[in-house]
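Chains, contacts and geometry: an overview
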Amino acid sequence: MIGQAVRRAAGRRIAPASGPDRGDSALLQTRGLTKVFRSDGTRGGGGRGAAVSAVRGVDLRVTLGEFVAVMGPSGSGKSTLLHLIGGLEPVTSGEIWLQGQRVDRLSQAAWAKLRRRHVGFVFQFFNLVSNMTVADNVELSALLSGATRRQAAQRREQLLAELGLTGKANAAPARLSGGEQQRVALARALANQPTLLLADEPTGNLDSSNTADVLRLLGRLNGRGQSILLVTHDARAASLADRVIHLFDGMVADDAPLLPQQPPKAAGSVVRLRG
Amino acid sequence: MATDSPREGCGIVRLPLLALLAKEPAHGYELKMLLEQTFGQAYPSPNIGQIYVTLQRLERDGLVRSQDVVQATRPNKRVYELTPAGRDALAAWVEAPSEGPRVRDDFFMKLVLSPLAGATDRLGLINRQRRHYLSVMRGLSGLAESAEGSSVSRLLIEGAMLHLQADLDWLERCQQDLL
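Residues numbered from 1 in each chain as written. Chains lettered and ligands numbered in written order. Predicted model: local features only at pLDDT ≥ 70, side-chain atom pairs only at ≥ 80, totals over all residues.

**Describing the overall build of chain B**
Put simply, the test is: Secondary structure counts use DSSP, requiring at least four H or I residues in a row for a helix and at least two E residues in a row for a strand, with both numbered from the N terminus. The reference for a compact globule is 2.2 Å times residues^0.38; the radius of gyration itself is calculated from the C-alpha atoms. Each residue is represented by a C-beta atom placed from its backbone, and any two residues with such atoms within 7 Å are regarded as in contact.
If you tally the helices and strands in chain B, you get seven helices and three strands. Beginning at the N terminus, the succession of helices and strands in chain B can be written as α-β-α-α-β-β-α-α-α-α. Taken against the 2.2 N^0.38 rule, which gives 16 Å for 179 residues, the C-alpha radius of gyration of chain B at 20 Å runs more than 25% over that of a compact globule. Taken over the C-alpha atoms alone, chain B extends approximately 65 × 40 × 35 Å along its principal axes. By sequence separation, contacts in chain B at least 24 residues apart represent 59% of the contacts at least 6 residues apart.

As structure tokens, this is what we get:
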């Protein structure tokens, strides 16, 4: 009897038998993920406005340590897809599995709790809290995920040093350049040591040299095993990924690994001096 | 570029060679090294054969002249210098605007005409091209990271990246309107 109760209790926490790809290394998996917006602003199937399908049956997989980029024209549903995965929008239908656990059916509170521990988010417009210092912005994320003040401060110090922001700890975000703000946002996203980093157009609002800085950081993080799901229009950002998914009209049009290529010869097709 | 026909490869270096010779006379191998030093790793350096063929044609057209320089311990080398006609051609090149948009894009021709060749999978064609562009971009990103070189070579890489981004955007437009 006791054994049964334990198994039942455990069953609530670990992946049920019906979970996709049990026992393999899928960190994130979606099945038939769909999002329908109503033009009158209501959600799901109940509203009276015209239905717009932003995401239409997307199957996606990210394995542990993988860097996956999602590209596609504006309006293709790529940002919505990331918002669904990050729990910022409720799904209309389909499934989201995070580390073997189905999350789309969790209560808002339960998902938020899971997200604080497992997911870091970086946005195009940084979304820093403007009336808090850089240090507090970064520490808040660690504190929310259950770190002690001391742990949060340590982690913040380490992250700011690594991202070249040590001198900026007491600055207000508005005093920083766009590139610096995005690095703070990255530090904040990493403060809870997330299993999965979600990035929505993180270079979309940066100039060329700040873009290069942020991309170098993403590459370095991934090199140390950070799993990343990046939504971007920037081909340079996408080219750092292990795999690029192309979204079109809310559906996956292509999903392909990126193979390293010898640069000089490849560059020849685009770099050409005219004479 | 390795895949170019010799003729195309030669056409592309004609005027850059004249420009290098405007500074001082030089032989073929020096010119090849100068090109590579100036433009860096991303530059698809012409092979030495293309350089020699181009110099011969420039000489035939009266834009350069050459003379053999005797070397004591090695074979003679042929040193080229600019003629007045060559200087005029160079000035005209520098003054004239360069070709703009690529209205003869090879991939676009392929995409539009592929049904005539019996190919029906246009999405496949677009996807393969996109993967190719992205892997070229990956190569350039690597070069950009390791580019210790001059701002000239870095700008060449950045220009190539911007072109690739435009090509990828255009690919999406093709996908929207042709599929």
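That shown, we press on.
**Overview of the sheet that holds strand E3 (residues 77-82) of chain B**
Residue and element names in this part refer to chain B. For clarity, the cut-off: Two strands pair under a simple rule: DSSP has to find at least two bridges between them. For helices, the axis comes from a line fit to the C-alpha atoms of the stretch in contact; other axes are also lines fit to C-alpha atoms, and the angle between any two N-to-C directions lies between 0 and 180 degrees.
Strand order in the open sheet formed by three strands is E1-E3-E2, and the pairing between neighbours is antiparallel. The open sheet has two edge strands with one neighbour each: strand E1 (26-27) and strand E2 (64-69). Of the strands in this sheet, E2 and E3 are in contact with helix H3 (residues 48-60), which crosses E2 at around 120°.

**A few points about the sheet that holds strand E5 (residues 101-102) of chain A**
Spatial strand order, E2-E1-E4-E5 (chain A): four strands in an open sheet with antiparallel pairing. The open sheet is flanked by strand E2 (51-63) and E5 of chain A, the only strands paired with a single partner.

**Thoughts on the domain arrangement of chain B**
Residue and element names in this part refer to chain B. This is how the line gets drawn: Domain boundaries shown here were taken from an automatic or database domain assignment. Three categories are distinguished: nonpolar for Ala, Val, Leu, Ile, Met, Phe, Trp, Tyr, Cys and Pro, charged for Asp, Glu, Lys and Arg, and polar for the others, with Gly belonging to the last.
Domain boundaries in chain B define domain 1 (6-95) and domain 2 (106-178). Between domain 1 and domain 2, the contact holds six residues from the first and 10 residues from the second. Residues that form the side of domain 1 that touches domain 2 fall into these classes: three nonpolar, three polar and no charged.

**Focus on the packing of helix H6 (residues 122-146) of chain B against helix H7 (residues 151-178) of chain B**
All names here are of chain B. Put simply, the test is: Each angle gets one of four labels, with under 35 degrees taken as roughly parallel, over 145 as roughly antiparallel, 65 to 115 as roughly perpendicular, and the rest as oblique. Left-handed describes a crossing whose near helix is turned anticlockwise from the far helix by less than a right angle; the clockwise case is right-handed.
Where H6 meets H7, the closest approach of the two axes is 10 Å, and the angle between their N-to-C directions is 165°. The orientation of H6 relative to H7 falls into the category roughly antiparallel. Relative to H7, the crossing made by H6 is left-handed. Counting all contacts with H6, which are made through Arg122, Ile126, Gln129, Arg130, Tyr133, Val136, Met137, Leu140, Leu143 and Ala144, the residues of H7 involved are Ile157, Ala160, Met161, Leu164, Asp167, Leu168, Leu171, Cys174, Gln175 and Leu178. Here the residues of the contact of H6 with H7 sort into 15 nonpolar, two polar and three charged.

**Let's talk about the nonpolar core**
Which entries qualify depends on this criterion: Only buried residues count toward a nonpolar core: Ala, Val, Leu, Ile, Met, Phe, Trp, Tyr and Cys, linked into one set through C-beta atoms within 7 Å. To sort residues by burial, count the other C-beta atoms lying within 10 Å of each one's C-beta; a count of 20 or more means buried, 12 or fewer means exposed, and anything in between means partly exposed. C-beta atoms are built from the backbone.
Counting 84 residues, the largest nonpolar core has Ala69, Ala187, Leu198, Leu229 and Leu230 of chain A together with Leu140 of chain B as the members making the most contacts within it. A per-element tally of this core places H6 of chain B first, with eight residues. When residues are assigned to domains, this core turns out to be shared by domain 1 (6-95) and domain 2 (106-178) of chain B, each giving three or more. Here leucine 230 of chain A is in contact with Ala69, Val70, Ala199, Ala237 and Ala241 of chain A, once residues within four sequence places are set aside. Counting 15 residues, the second-largest nonpolar core is a separate cluster that includes Leu15, Leu18, Leu31 and Leu82 of chain B.

**Considering the packing of helix H2 (residues 28-39) of chain B against H3 of chain B**
Residue and element names in this part refer to chain B. With their axes 9 Å apart at the nearest point, H2 and H3 run at an angle of 120° to one another. Two packed elements cross with a definite hand, and for H2 against H3 that hand is right-handed. Of the residues in H3, those in contact with Gly28, Tyr29, Leu31 and Lys32 of H2 are Ile48, Ile51, Tyr52 and Leu55. Its residues placed into classes, the contact of H2 with H3 shows six nonpolar, one polar and one charged.

**So, the pairing of strand E9 (residues 243-248) of chain A**
Residues and elements named next belong to chain A. Counting buried residues along E9, five of its six residues qualify, which places the element largely inside the surrounding structure. Inspection of the sheet shows strand E3 (residues 67-71) paired to E9 by four bridges, in the parallel sense. What sits directly across from valine 68, in E9, is arginine 243. Adjacent in sequence and paired antiparallel, E9 and strand E10 (residues 251-257) are bridged by two residues, among which aspartate 249 carries a positive phi angle near 50°.

**Some thoughts on the confidence of the model for chain B**
All names here are of chain B. Definition in use: The predictor's confidence in any single residue is recorded as pLDDT, a number from 0 to 100.
Averaged over all residues, the pLDDT of chain B is 88; the fraction at 70 or higher stands at 93%. Ignoring residues within four places in sequence, the model shows residues 1-8, a span with pLDDT below 50, making eight contacts including any to other chains. Here the complex is predicted with pTM 0.82, and the ipTM for its interfaces comes to 0.79.

**What about the pairing of strand E8 (residues 227-231) of chain A?**
All names here are of chain A. Where we set the bar: With strands facing away from the observer, any crossover in which the path from the first strand over the helix to the second runs clockwise is taken as right-handed.
Most of E8 sits out of view: five of its five residues are buried. On E8, burial covers both faces: Ser227, Leu229 and Val231 on one face and Ile228 and Leu230 on the other are all buried. Pairing of E3 with E8, which is carried by four bridges, proceeds in the parallel orientation. The residue of E8 that forms the bridge with valine 70 is valine 231. Bridge count between strand E7 (residues 196-200) and E8: five bridges; the pairing is parallel. From the neighbouring strand, aspartate 200 faces E8, where its bridge partner is valine 231. Regarding topology, helix H7 (residues 208-223) serves as the crossover connection from E7 to the parallel E8, and that connection is right-handed.

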